[in-house]
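So you can see what is in the structure, the chains are spelled out below.
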Amino acid sequence: MTKKRALIIGITGQDGSYLAEFLIKKNYIVHGMVRRSSMPNTQRIDHILSTSRDEESSNKKIIREYGDLSSSENIQNIIRRIKPDEIYNLGAQSHVKVSFEIPEYTYDIVAVGPLRVLEAIKNIKPNIKYLQASSSEMFGNSENNIQNENTQFNPESPYASAKTLGYWTTRNYRDNFKIFASNVIMFNHESPRRGLNFVTKKIVRGLIEVKNKKRKYLYLGNLNAKRDWGYAKEYCEVMWKMLQLKKADDFVIATNTHYSVRDFVEAAGKELNFEIIWKGKGTKEVGIDKKTNKTVIKIDPYYFRPNDVQSLLGDASKLYKAIKWKPKTSFKKLVKIMVDKEIELIKNHKIY
Ligand code: NAP
Ligand code: G4F
């Protein structure tokens, strides 16, 4: 049987690395778009990155395609050459706070990027199946306490606005050009491979460093924001399942539970034998370890956003019905997975 061929854009990121592992297990030939950088940026996929460009000798490994979502020419050349059956577009400037600092770049990659890929699919091989990584940030501070596929978007950051454009472009190419193009509207999902400047990984790494006396305090921003945090590894399997459905469609993926940043600090603290209690208000609030009476957490207003999304909580019942999927990893388990792995990574001087 001929093997299926997938192109993952964003393969060096958290999700791209899990998806690549999953597709390789499914016997796919996996090509991954990697950006040129002056320092290695393939830490998350080094264990499955081929040293060869030849599909035959790259069995069970990723073939690297140098590229960038900013270049239509580059995207077209890759698609024309490898003729994938499926394209997963996970590439993005994915940090909400940073998008306020580089809005134009964020729009170029996050909003126009999907258009460049879909236009190339339309012109080169319209039977390619396309998955767009959309975001729960598109809902913004919603009037609905729980958000699903029918909830109105209310994007409140350059990142969220750009993702909303990517979402609609995906739907347009599906409706107008009959391309199999689906949106996966993902609520926050985390793992040991999460980027260091997202709050969960930052908390885990920061508290371990406080514990190891490598630093005195961990500085954070808005402690009261609530997020629906799932496990990234599970969400990547859903991406593949969505492209195996008979019809392209849009699905929310979420756990239907949410916790605050403060809850996350307390849970990660507990795994590390801290007992964090809170004192003070606003920017003067501190988190203190009750056992030692030492301040561990401080607030730095730098981490506040011009407009933060205060609460996200997803209803994924449409997905549960379509592919019989339910989340397996609880919040508590996710925190433990992240803390345990981070301790191991630090011991081995490794950073994902
Ligand atoms: P991530 O770890 O930040 O990975 C982003 C990937 O995009 C990296 O491989 C990055 O490459 C690549 N990339 C950045 N700019 C690019 C460009 N100009 N051209 C090509 N590739 C580029 O993000 P993630 O957490 O895996 O998320 C995957 C996707 O899902 C993203 O689109 C994100 O916006 C979306 N999403 C994520 C979540 C979440 O909670 N994780 C929730 C909803 C939606 P480098 O490694 O070279 O930087
Ligand atoms: O971890 P975060 O930076 O993730 P955020 O902004 O929710 O975005 C993530 O999830 C989206 C899906 O909803 C994705 F589309 C997006 O790509 C990304 O993966 O922040 C979570 C919350 C925010 O409310 C933030 O204000 O944590 C709060 N927070 C508090 N202190 C902090 C910090 N966030 C960061 N990054 N750093 C802090 O020190």
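Placed above this text is the structure.
Keep in mind that this is a model prediction, so the values were computed, not measured.

Caption draft 1: Main features of the site of ligand 2. Every one of the 24 residues lining ligand 2 counts as a neighbour, but Ser135, Ser136, Tyr159, Arg305 and Asp308 are closest to it. One of the side-chain nitrogen or oxygen atoms of Arg194 is found 2.9 Å away from an oxygen atom of ligand 2. Take Arg305: an N or O atom from its side chain is 2.5 Å from an oxygen atom of ligand 2. Contact with the protein chains removes 96% of the 710 Å² of surface that ligand 2 exposes when unbound. Each residue belonging to the shell around ligand 2 can be placed in one class, and the counts come to 10 nonpolar, 8 polar and 6 charged.

Caption draft 2: Main features of the sheet that holds strand 13 (residues 276-279). With respect to topology, 4 strands assemble into an open sheet ordered 8-15-14-13, the strand pairing being mixed. Two strands bound the open sheet, and with one partner strand each, they are strand 8 (218-220) and strand 13. For this sheet, the mean angle separating the axes of adjacent strands, direction not counted, is 30°. Pairing geometry for strand 13 and strand 14 (residues 286-289), over 4 bridges, is antiparallel. Opposite Ile276, over in strand 14, you have Asp289 as the bridge partner. The strands touched by helix 6 (residues 199-211) are strand 8, strand 13 and strand 15 (294-299); relative to strand 8, the strand with the most contacts, the crossing angle is about 155°. Strands strand 8, strand 13 and strand 15 of the sheet are contacted by helix 8 (residues 261-271), whose axis makes an angle of about 140° with strand 13.

Caption draft 3: Region of the structure containing the nonpolar core. Counting 77 residues, the largest nonpolar core has Leu23, Tyr88 and Leu207 as its most contacted members. Take this core: its biggest share by element is 8 residues, from helix 7 (residues 232-243). In this view, Leu23 contacts Ala6, Ile8, Tyr28, Val30, Tyr88 and Trp240; residues no more than four positions away in its chain are not counted. Core analysis: the second largest hydrophobic core is formed by 19 residues, Ile9, Leu118, Ile128 and Tyr130 among them.

About the thresholds
Residues numbered from 1 in each chain as written. Chains lettered and ligands numbered in written order. Predicted model: local features only at pLDDT ≥ 70, side-chain atom pairs only at ≥ 80, totals over all residues. Heavy atoms only, no water. Near = heavy atom within 4 Å. Polar contact = N/O pair within 3.5 Å; in protein donor to acceptor, adjacent residues only side chain to side chain. Areas by Shrake-Rupley, 256 points an atom, 1.4 Å probe, with all protein chains shown as cover. Nonpolar A, V, L, I, M, F, W, Y, C, P; charged D, E, K, R; others polar. Pairing = 2+ DSSP bridges. Helix = DSSP H or I, 4+ residues; strand = E, 2+ residues; numbered from the N terminus. Axes fitted to C-alpha atoms, helices over the stretch in contact; angles between N-to-C directions. Contact = heavy atoms within 4.5 Å. Core = buried A, V, L, I, M, F, W, Y, C linked by side-chain atoms within 4.5 Å. Buried < 20%, exposed > 50% of the residue type's maximum accessible area, 1.4 Å probe, protein only.

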